[in-house]
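Chains, contacts and geometry: an overview
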Amino acid sequence: PIHQRAYLLNGEMKQWDGPVSEVYSPVCVPDEQGELQRQLVGSYPVTGPQQALEALDAAYAAYNNGRGEWPQMAVADRIACMETFVGKMLEQKKLVVNLIMWEIGKNLADATKEFDRTVTYIYDTIDTLKTMDRNSSRFRIEEGIIGQIRRSPLGVVLAMGPFNYPLNETYTTLIPAILMGNTILFKTPKHGSLLHYPLLEAFRTSFPKGVVNSLYGRGADVIPPVMQSGKVNVLTLIGSSRVADQLQRQHPKLNRLRSIMSLDAKNAAIILPDADLDVAVKECLLGTLSFNGQRCTAIKIIWVHRSVADQFLSKFNPEVSKLKPGMPWDAGVQITPLPEPGKPDYLTECIRDAEASGATVVNEGGGQVSASLFKPAVVYPVQEGMKLYREEQFGPVIPIVPFDDVEEFIDYLITDDHGMQASIFGTDSNAIAQLIDPLVNLVSRVNINAQCQRGPDTFPFTGRKDSAEGTLSVEDALRSFSIRSAVATKDT
Ligand code: G3H
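In the nomenclature of an unreviewed UniProt entry, the protein chain is known as NADP-dependent glyceraldehyde-3-phosphate dehydrogenase of Spirosoma liriopis. Of the protein chain, the UniProt comment under Sequence similarities (unreviewed entry) reads exactly: "Belongs to the aldehyde dehydrogenase family."

Okay, the overall build of the protein chain next. Looking only at helices and strands, one finds 16 helices and 23 strands in the protein chain. In summary, the protein chain has a C-alpha radius of gyration of 24 Å against a globular reference of 23 Å for 492 residues, a match within 12%. Here the protein chain, with 492 residues, has 49% of them falling under the buried criterion. The contacts of the protein chain with a sequence gap of at least 6 include a subset with a gap of at least 24, amounting to 73%.

Here we come to the environment of Val281. One can find Val281 in helix α10 (residues 277-289). Among the residues examined, Val281 registers 22 C-beta atoms within 10 Å and is labelled buried. Linking Val281 and Val304, residues 23 residues apart in sequence, is a C-alpha distance of 11 Å. Setting aside residues up to four positions removed in sequence, Val281 forms contacts with Lys315, Phe316 and Glu319.

Sheet topology note: the strand β20 (residues 421-425)/strand β21 (residues 445-448) ladder contains 4 bridges and is parallel. Bridging from a neighbouring strand, Gln421 pairs with Arg445 of β21. For the crossover that starts at β20, traverses helix α15 (residues 429-440) and ends in the parallel β21, the hand is right-handed.

On to the site of the ligand, then. Near the ligand you find Asn164, Tyr165, Glu169, Arg295, Cys296, Thr297, Gln453, Arg454 and Gly455, and these make up its full shell. In terms of residue class, the shell around the ligand is made up of 2 nonpolar, 4 polar and 3 charged.

Here the focus is the sheet that holds strand β8 (residues 156-160). With mixed pairing, 6 strands are arranged side by side in an open sheet as β10-β9-β8-β11-β12-β22. Edge positions in the sheet fall to β10 (212-215) and β22 (468-469), since each of these pairs with one other strand and no more. Relative to strand β11 (residues 234-238), β8 is paired through 4 bridges, and the arrangement is parallel. Residue pairing for β11: Met160 is matched across the bridge by Leu237. Helix α9 (residues 241-250) rests against β11 and β12 (258-262) of the sheet, and its axis sits at about 165° to β11.

In this section: helix α3 (residues 75-91). Taking 1.5 Å as the rise per residue, α3 with 17 residues should run 24 Å; its terminal C-alpha atoms sit 25 Å apart, in good agreement. Among all positions in α3, only Arg78, Met82, Phe85 and Met89 are buried. Buried residues along α3 cover an arc of 55° about the axis, so they all sit on one side. Residues of α3 that are exposed and angled more than 90 degrees away from the buried face: Ala76, Asp77, Gly87 and Glu91. The elements touched by buried residues of α3 are α5 (108-131), α6 (168-179) and α7 (197-206).

What follows covers the nonpolar core. Counting 136 residues, the largest nonpolar core has Ile184, Ile271 and Val379 as the members making the most contacts within it. Counting residues per element, this core draws most heavily on helix α1 (residues 49-63), at 8 residues. Look past the residues within four positions of Ile271 in its chain and what remains in contact with it is Ala280, Ile302, Trp303, Val304, His305, Val308, Phe312 and Phe425.

In the segment running from Tyr380 into Pro381, the intervening peptide bond is cis, with an omega of -10°. In this structure, Pro381 sits in the loop between β18 (377-380) and α13 (387-390). In this structure, the amide linkage connecting Gly455 to the following residue, Pro456, adopts the cis form with an omega of -5°. For Pro456, the location among the structural elements is in the loop between β21 and β22. One non-glycine residue, Asn64, adopts positive backbone phi at about 45°.

The strand order across the open sheet formed by 7 strands is β15-β18-β19-β14-β13-β20-β21, and the pairing between neighbours is mixed. The two strands at the open ends of the sheet, each matched to only one other strand, are β15 (360-361) and β21. The strands that α15 touches are β20 and β21; relative to β21, the one it contacts most, it runs at about 160°.

As a further point, take the pairing of strand β14 (residues 299-305). The element β14 is extensively covered by neighbouring structure, given that 7 of its 7 residues are classed as buried. Pairing analysis gives 5 bridges linking strand β13 (residues 267-271) to β14, with the strands arranged parallel. Within β14, the residue paired with Ile271 across the bridge is Val304. Read as a crossover between parallel neighbours, the route from β13 over α10 to β14 is right-handed. Here β14 runs beside strand β19 (residues 397-403); their pairing, made up of 4 bridges, is parallel. Paired with Trp303 across the two strands is Val401, which belongs to β19.

Once that is clear, we can look at the environment of Pro49. Assignment of secondary structure puts Pro49 in helix α1. Distance in space between the C-alpha atoms of Pro49 and Leu158 is 15 Å, their sequence separation being 109 residues. Apart from residues no more than four positions distant in its own chain, Pro49 is found in contact with Asp221, Val222 and Pro225.

What counts as what
- Residues numbered from 1 in each chain as written.
- Predicted model: local features only at pLDDT ≥ 70, side-chain atom pairs only at ≥ 80, totals over all residues.
- UniProt positions renumbered as here; feature names shortened; annotations may be inferred.
- Helix = DSSP H or I, 4+ residues; strand = E, 2+ residues; numbered from the N terminus.
- Rg over C-alpha atoms; globule rule 2.2 N^0.38 Å.
- Buried ≥ 20, exposed ≤ 12 C-beta atoms within 10 Å, placed from the backbone.
- Contact = placed C-beta atoms within 7 Å.
- Pairing = 2+ DSSP bridges.
- Right-handed = clockwise from strand over helix to strand, strands pointing away.
- Near = placed C-beta within 6 Å.
- Nonpolar A, V, L, I, M, F, W, Y, C, P; charged D, E, K, R; others polar.
- Axes fitted to C-alpha atoms, helices over the stretch in contact; angles between N-to-C directions.
- Expected span 1.5 Å × (residues − 1).
- Arc of directions from axis to C-beta.
- Core = buried A, V, L, I, M, F, W, Y, C linked by C-beta atoms within 7 Å.

The structure is reproduced here in C-alpha cells:
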C-alpha cells in the first residue's frame, strides 16, 4: 500500500500528520474465511479548510494579479517547463497505470491507454499553442490607431476531475490552464486520488512555486471556503451537474466566474429500420460497456425501431453476455469491479424498478455477482416513467426502448435535461441527413454509425443543457483558459 503523507503546496511537499482517508480498491480478494474483501491500496491526507485556503493563497500570490513570474513568462519558457514535466511524468508511468487499475478497477489496456492518451494530449496541446494566435504583431486597426491583440491568462483556476478518467480528464483541464499562464489548485477525485501522488514531485520541480497546488480532503470541507473567497477566477469540473450547481452558487460574484465543465449525460443511440445491425451491435457494445459504461460519453439508452428490435436483441444480447469479467490486470478482461460502493445496489434498484413496469433483463447472466462486480444487463422494453429512461445509470445496465416513429426519439431528446451526444445507426443517407440537423441542435455531437465518444481530442468536447459549460478540445481548452486582450496605441 502507498501511504501518502505529503501534498504539494507553494512549491513544497508539505508533510501531513493529521487525519487520513484509507483507499479501498473495488478489487475484492477472499480473506481467511473465504469472504471477498476490498483490498487496501493506501491512504491520503484529509486536509481541511485551513490547508485549502493556504493552497488558494499560494496560487493567488503566484498569479499576483497577473504580475507573477508565471503569467508574465514567455510562452516558449512555459512550454519548456511543461516539456520537463512530461519527461518526469513518463518516469512514473508504471506506478500510475498500476494505481489506475487498483483504485478504479480499469483494465490494463484501458489504464495504459489513459496514461498514453494523456501524454499525447499534453504534446498536442504544446504543438497547438506554438501555432495558435497568441500575441499578434502590431497592426493599424483604423486611421490613427495601432493595435495589438494578445492572449492573456485568467487568474486562479480551481480544477476538479472525475473518478472514471482520474488522470486524463483532470489533466485535460489542468494542462491547458497551466500553459496559458494561470495558477492552479486542483482537487483529486475520491476514487483515483493516490495515482496523482507520484506526479506531485514532477509538478513541484517543473514549475515555479505556487503555480500548481494540490487539494485533499472532503470536498464539502475544502471547496466552499475556496469558492466563497471570491479569488477563484475559473472553475473547471468534470463531474456531476448537481455538484456543479452547488459549487457555482458558492462564488460571491457568480457572473465573474468562468466555468468550464463536463457534466451528466444520457447519450442516446437510435437504430433505424434499415440499419446494418452488425455495425450497430459492435458500436453499441463498445459505446455502452467500455469501462463498464462509466464514461460520460457512454451510450446510456438505445432506441431501436420496433420492426428490428427482436433481431437487434438476438445479436446484441449474446455479445453482451460474452464479455469477460475479472481482475483488471488479467488479459482480455472487459468487465471489472465498480469503484463506487453503492453502485451495484443502485443498478439493481433500477432493474427492479423497470421490472415492476413490465420490462425484464433479456440477456443471460446480467446482474450483480459480488460486492463490486456487476455483469452487464440489457433491460427491455424500457419506457417513460422508469428510472432507466431518464437517470444516468453510469454503469453496466443497458435500457432498450422500442419506437415506431423517429419523432418519439426527437421528443425524448427535447424533453431530456442532458445534451451531450447521440448516435444514429442506419443506411439510408436521406433518413440520416434529416435527423442530423435537429439532433445537432439538441446535443453537441452526432455520431453516424459509430458509438458516442470524446476522441479524437482535437474535436470539440462539450454539451448542452445540464451536460456542459464551455468547450474543451486541445485548441478550445487553450482558448477557454485565456482571454483575448488588446493594446491600442494612438498613432500621433
Ligand atoms: O467520461 C468522459 C470521457 O472523456 C470519455 O472519453 O469517450 O474517449 O472514452 P472517451
